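So the chains spell out like this:
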Amino acid sequence: GVMPHRNDRITAEHISKRLGGPAANVAVAAAALGPPFALEVELATVIGKDADSLWALEQLARRGVRAHAVRSPFRERLSRCIVLVEENGQRTKINEPLDLDREDLISHLPPNQVRRRSHLHFEGYHANAMMPAVASLRARGWTISTQDTGLPPEHSSPNGFRALIHTLDAVFINRRTAYRILGQQLSAEKLTSAMAEYLADAGNPPCTVALTLGMDGAAVFPPI
C-alpha cells in the first residue's frame, strides 16, 4: 500500500524481474521504431558474466539492440535496481551505480569521420564525462543528445541548461527539471509557454528540447 518504514516488514503483492534502466529503455525504444525510421542500435554499457548478464544480453538482442560491454562491473555481475511501487503508483528506486568514464564510452566509436548518419545519446549521469568530447565528436559528424536522468545540478540551472542546449543537438527533460530551470512550478500549459519564452531568451539555440509532462503528454521545441 505505502512505502515501509524503518524496521518494517512487508509482503509484496508481486515481485518481477524486468530489463530496464534509462539507457536500455532508450535503446529498446529506438530499435522498435522500424521503417521508415529504422535504426541500428548499439548500447554501450557495463555487463558482467553471471546468469543475469546473459539474460539481459538475450533480452536486448530479441529487441534489436546490440549490447557492447565497455567494462566488466564489480564482481562481474549485472547491476540491479529495486523499484518499490505503491498502491497509488508512486515509485521509489534504489539502484547500483554504473562506473563509466569518457574513455570507456568513446574508445569503441570509429575514430574517423562517420560515413552515414550517426547519433550518440548518453544519460545525464555521464554528462560531465562526455561534454569535453562533444566538439570532437561533432567534428567527426556525430549528432549528440542527453536526458535529464542523473543530470548534475549545474546543468539544470538556468545558465547551465543554456550552455547545454547551445552544445548538444537534442535534450530530453521532465517537468521537475523544467521547474529547476525556470525557478517555479507551473501547470502544464503555463510551463510549456514559460519554457518557450526561456528558449527564446536563450537565443533560440540549435537544439531540440523535448519536455515530457506525464499524463499531459509532451512538448517539443525544435530549433528555429
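Please read all numbers here as calculations on a predicted model, not as lab measurements.

### Regarding the side chain of histidine 155
No. 1: On the secondary structure map, histidine 155 appears in the loop between strand 6 (142–147) and helix 6 (158–165).
No. 2: Residues within four places of histidine 155 in sequence aside, it is in contact with Ala127, Asn128, Met131, Gly160, Phe161 and Leu164.

### Looking at the sheet that holds strand 9 (residues 218–221)
No. 1: Strand order in this open sheet of five strands is 5-6-7-8-9, and the pairing throughout is mixed. The two strands at the open ends of the sheet, each matched to only one other strand, are strand 5 (118–122) and strand 9. On average, adjacent strands in this sheet sit at an angle of 15° to one another, irrespective of strand direction.
No. 2: Both strand 6 and strand 7 (residues 170–173) contribute to a ladder of three bridges, which runs parallel. Along strand 7, the bridge assignment pairs serine 145 with alanine 170.

### Digging into the nonpolar core
No. 1: If you look at the biggest cluster of nonpolar residues, it comprises 42 residues, and the most contacted ones within it are Leu137, Phe161, Ile165 and Ile173.
No. 2: Aside from chain neighbours lying at most four places away, what touches leucine 137 is Ile106, Leu109, Leu120, Met130, Trp142 and Ile144.
No. 3: Ranked by size, the runner-up nonpolar core spans seven residues in total, among them Ala27, Ala30, Val41 and Leu60.

### Examining the pairing of strand 4 (residues 91–95)
No. 1: Direction of pairing for strand 3 (residues 81–85) relative to strand 4: antiparallel, over a ladder of five bridges. Bridge pairing in strand 4 links leucine 84 to threonine 92.
No. 2: Hairpin connection, strand 3 to strand 4: the antiparallel pair is bridged by five residues, and glycine 89 has positive phi, about 95°.

### Side note on the environment of arginine 91
No. 1: One can find arginine 91 in strand 4.
No. 2: Sequence-wise, arginine 91 and alanine 23 are 68 residues apart; in three dimensions their C-alpha atoms are separated by 19 Å.
No. 3: Among all residues touching arginine 91, those that are not within four sequence positions of it are Val83, Leu84 and Val85.

### Points about helix 6
No. 1: Taken as a whole, helix 6 has its buried residues at Gly160, Phe161, Leu164 and Ile165. Summarising the axial view, the buried residues of helix 6 lie within an arc of 130°, below the 170-degree limit, and thus occupy one face.
No. 2: Structurally, helix 6 contributes buried residues whose contacts are with strand 6, strand 7, helix 7 (175–182), helix 8 (188–201) and strand 8 (208–212).

### Observations regarding helix 7
No. 1: If you check which residues of helix 7 are buried, you get Thr177, Ala178, Tyr179, Ile181 and Leu182.
No. 2: Of the surrounding secondary structure, the elements contacted by the buried residues of helix 7 are helix 6, strand 7, helix 8 and strand 8.
No. 3: Where helix 7 begins, one side-chain oxygen reaches toward the backbone nitrogen of arginine 176, 3.1 Å away; that side chain belongs to asparagine 174.
No. 4: The first or second residue beyond helix 7 is glycine 183, which carries a positive phi of 75°.

### Brief notes about a nonpolar patch on the surface
No. 1: A cluster of nonpolar side chains, Leu33, Phe37 and Leu39, forms an exposed patch at the surface whose accessible area comes to about 340 Å².
No. 2: Within the secondary structure layout, phenylalanine 37 lies in the loop between helix 1 (22–31) and strand 1 (41–46).

### Things to note about the side chain of serine 156
No. 1: Among the structural elements, serine 156 can be located in the loop between strand 6 and helix 6.
No. 2: Among all residues touching serine 156, those that are not within four sequence positions of it are Leu151, Thr177, Arg180 and Ile181.

Conventions used here
- Residues numbered from 1 in each chain as written.
- Predicted model: local features only at pLDDT ≥ 70, side-chain atom pairs only at ≥ 80, totals over all residues.
- Heavy atoms only, no water.
- Helix = DSSP H or I, 4+ residues; strand = E, 2+ residues; numbered from the N terminus.
- Contact = heavy atoms within 4.5 Å.
- Pairing = 2+ DSSP bridges.
- Axes fitted to C-alpha atoms, helices over the stretch in contact; angles between N-to-C directions.
- Core = buried A, V, L, I, M, F, W, Y, C linked by side-chain atoms within 4.5 Å.
- Buried < 20%, exposed > 50% of the residue type's maximum accessible area, 1.4 Å probe, protein only.
- Arc of directions from axis to C-beta.
- Polar contact = N/O pair within 3.5 Å; in protein donor to acceptor, adjacent residues only side chain to side chain.
- Patch = residues over 30% accessible without salt bridge, like charges linked within 9 Å, V, L, I, M, F, W, Y side chains within 5 Å.
- Areas by Shrake-Rupley, 256 points an atom, 1.4 Å probe, with all protein chains shown as cover.
- Salt bridge = Lys/Arg side-chain N within 4 Å of Asp/Glu carboxyl O.

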